[in-house]
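If you want the building blocks of each chain, they are given just below.
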Amino acid sequence: NERKDLAFTYDKISNKDGKKIILINAQYSERGNKTKLEDIYKAIKKDGIANISEEVIEKAFRVFNKQSEVDFFINKDAKGFLKEQFDLWMYQYMFKEENNFSQLRIKQMQAIKDWAYKIIDFIGQFEDELVKVWNKPKFVRGTNYVITIDKISDILIKKIEKHAGLKNQIAEWNELGMIEASFDFKKRDEEKHKHLPLDTKYFKDLELEIIGEQGNLDESLDGLLIHSENYQALNTIKEKYRGQVNCIYIDPPYNTNSSPIIYVNNYKDSSWNTLIQNRLDLSKGFLTEDGLNVIAIDDVELRYLTTIADSVFDKDNYISTIATECNPQGRVSNKVSQTSEYHIIHSNDITKIDKIFVKKYKDSKPVPLKRTGTNSRREQRPNRYYPILEKNGSLKMISLEEFNKIYDNKFKKFNDSFVDEIIIKYEKLGFNVVLPMSDNGEKLVWQRVYDRVSKELNTYTIRDNTIYTPGFEEEIPKTLWKDPLFSNPEYGSEYLKHVLGHSNFETPKSFHTVKQFISMTTESNYVLDYFGGSGTTAQAVMELNKLGNTYKYIVVEMGEHFYSVILPRLKKLSYSSKWKDGKSQEEKGVSHFFKYYSLEQYEETLARAKYSKDNNLTIWDGNKSPFAQYVFNSDQKLTDFIKVSDKNININLTDIYPDIDIAETLSNITGKHIAKKNVDTVEFMDGTVEKINTEKMTLEEKMHFISLIKPLIWWGE
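## Quick look at the overall build of the protein chain
And step 1. Scanning the protein chain from terminus to terminus reveals 22 helices and 34 strands.
And step 2. Intrachain contacts of the protein chain at a sequence separation of at least 6 include 74% that bridge at least 24 residues.
And step 3. Put simply, the protein chain shows about 36500 Å² of open surface, and 49% of that area lies on carbon and sulfur atoms.

Have a look at this one:
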C-alpha cells in the first residue's frame, strides 16, 4: 500500500468468452522509467485492435492508480469480528443433527475455543495497531502560501525584485498563461499586474516577513488547501475547526461504473458506504449549530446515502433533496434518460435555523454593513469593531495604526478610551464617526474585516447613519433547479478546460451550482469540501466573496491533481476571472491569500515507524500474560528522533521528515489558530506562545514540547 509511481507496459492480447482482452503490466517505476502511452497504443493497434483511443487507455490507467488512493480496508474491531465468526462456526458445528458428542469431545472443543480466543487476542493486536496508526493525527509537511502581490508591502516587493527565486516565479506565471516569457517584474504595470499570485515556495527566506505583514495569520487567510487522504485530514484538523464550518459541500465519487472506486477486496458497496459514513461521522463536528451539510450524488446511491446521512445527522435534521438539471439532453442509463443529479441537505440542528434562502445576485438591493444575529457581538469578532468616518456622504477609514490600537490581541482587551480619542479627533475635523452599535447601545461588529473594507469602501453608501454594501435579493430555494448556469458545460467541463488549458475531469460541477448551495448559509466562517476534486468549491467561495461575503474555504484532496489542477486553478482565478485555452483574457482578478500543505499519510507512518523484534517485551499490565500483550508497547513508534543522554535530550525532527511544519502541526493538535509565525516560536490567537526551535529549548521546554507532540509519535496507550 505504499504510494509509488507506476509504469505501465503492454503485454499482449488474449481471448476470453469471445472477447479480446488487452493485458497490461503494471510495475513500480524504478530508475525513472515511465509509461509510454503512444508506444502502448501503437502496439495494441498492431496486434489487431484499432477501434480504441488513447483516451480510453489513459483512463484505464487512472482508474488502476486509484487503488492506492482510497480508504484502507482496516477492521476497526478485529478481535470482536474474529470471535463472532468463531462462535458462529462452533455453534453450527456443535448443533449439526448428525453430531453426537462425548464428554471428552466437549472438553476438547472447550480447549479449542480457549486457544482460539488466545490466538485471536494475539492476532487482533496487529490489526489494532494499524487502527491506531490510521487514527493518529498527522504531521503537517511542506507548508507554502500563495498571496497576490497587491497585499505585499513596497519594502518586500523591492526584496522580491532582487531575489534569486523570482526567475522561477516568473517562469510559473508564464506557464500559467498570465504573462509572456519576456516579462520584466521591475517594469510591470502595477495596476494591471497587481493580482499576480506569488508562491512562497520560491521565497522561503522571505516567507515569514511576507505572511507577517498580513496581521493575524489564520484570520487573514482566504482559504486552506490540504493534500491528504480525507479521513486522515479531517481527523487531524478536527480540533482546530470544530464548530466553525457553516457549510460542508461534498461531491464524492459515485459508486458506479462511470465513476468507479477500485477496492482490493470484493466488498465494493459496503466499502463505499463505510467510506462515506466514517467521513460524515467525523465531519459533523465541524459544523456550526446552524450549519448545513450538502452531498451531491446520482440516482444510484441516492436512497442509500440518504439513509446513511439520516443516521449521522438524525432524520429530523433532514431538510430536502434538491434535483439539479445537469444534462438537459439526457444520458441513457438503466433504461431511462438521466438528466438530473441530486443534493441531499441536512442541518446540524434544524431548531437553530429560522428560514433558508438562496441569494439572487441580479438587480440586488444594498445590505447593511453592520452585522446582527449570530456572532455579531464585539467580543465574538473583536477585529471587526472599528470606526468608519463619513463627511458629506463620502466614507473614509481610520489609519491602520489607529485600527491596531483598538484591540490588544495579546491581552484580549479593548482600548475603549482610545476609541473615544478617535471620535473626538475626527469630529473636530468635521467627520461623522460611525460605529457598529445596536439600537440599545450594545457594541456589535461590521460584516467585514478592516483590510477588506478599506479596499471596497468606494462601493459602499451611507443613509440615515447606516452604511450599506452592494447586496442581493433572496428567495426560498425550490427542489428543482433548471437554470443553464447549473447544467451548461460552459460553466463545468468546458470552463475548466479554458482556465487550465487542459482537463482530465469529465464532469466537474458548475461553480454556480456550488455557489448557490453555499449561499444558503451564514455569510462568514468556513466552507469545507473534503472531496476536493478540481477545486470547484474553492472557486465558488471566491466568487461569493467578490459579492461581499466573507467565507473561507478548506479543501482536501489526495490525488496528484491537487498540484496539477486545484493549485493552478486558484492561482489563475486570483489573477483573472476570464480565461481561454489557458491564457488570461483580462487582468481583473481579486486580492487573495491562501495556504497549502500536505499531511503525513498512514503508509508513510508505517514505513517510518520502528518495530524491532530485538526489543525485550515490557509487561504493562500485570493482569495479562505476555502472550496477550504483544511487543508493540515496547517498540519505538516514531520516537527514535529523540536521543536521551544523562544531561540532555536531543530532538531532531528532520529525522522523521525533512519538511515538517511544527507551527502548523501544533496548531492542529492544540486546536488553536495561528496569529503569527516566527523562526523560533508560534503565537496563537488566544495569546499563548509555543517554542518550535528545539535547539533553543531548555530541558524543561523540551519535555513540554514532547508532551505536545506525543499523540503524533507514540500512539495507542
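## Things to note about the sheet that holds strand β13 (residues 367-368)
And step 1. The sheet built from three strands is open, its strands ordered β13-β22-β21 with antiparallel pairing. With partners counted over all chains shown, the strands left at the sheet margins are β13 and β21 (461-463), one partner each.
And step 2. Where β13 lies against strand β22 (residues 466-469), two bridges are found, and the strand directions are antiparallel. Following the sheet pairing, valine 367 is matched in β22 by threonine 469.

## A look at the pairing of strand β5 (residues 223-227)
And step 1. Along β5, five of the five residues are buried, which leaves the element largely enclosed by surrounding structure.
And step 2. Here β5 shows a buried face lined by Gly223, Leu225 and His227 and a second buried face lined by Leu224 and Ile226.
And step 3. Inspection of the sheet shows β5 paired to strand β26 (residues 552-557) by five bridges, in the parallel sense. Across the sheet, residue histidine 227 finds its bridge partner in β26, namely glutamate 557.

## What about the pairing of β26?
And step 1. Among the six residues that make up β26, six are buried, leaving the element largely enclosed by the rest of the structure.
And step 2. Burial along β26 is two-sided: Lys552, Ile554 and Val556 facing one way and Tyr553, Val555 and Glu557 facing the other are all buried.
And step 3. With helix α18 (residues 536-546) bridging strand β25 (residues 526-529) and the parallel β26, this β-α-β connection has right-handed handedness.

Here is what the cut-offs are and how they apply
- Residues numbered from 1 in each chain as written.
- Predicted model: local features only at pLDDT ≥ 70, side-chain atom pairs only at ≥ 80, totals over all residues.
- Heavy atoms only, no water.
- Helix = DSSP H or I, 4+ residues; strand = E, 2+ residues; numbered from the N terminus.
- Contact = heavy atoms within 4.5 Å.
- Areas by Shrake-Rupley, 256 points an atom, 1.4 Å probe, with all protein chains shown as cover.
- Pairing = 2+ DSSP bridges.
- Buried < 20%, exposed > 50% of the residue type's maximum accessible area, 1.4 Å probe, protein only.
- Right-handed = clockwise from strand over helix to strand, strands pointing away.

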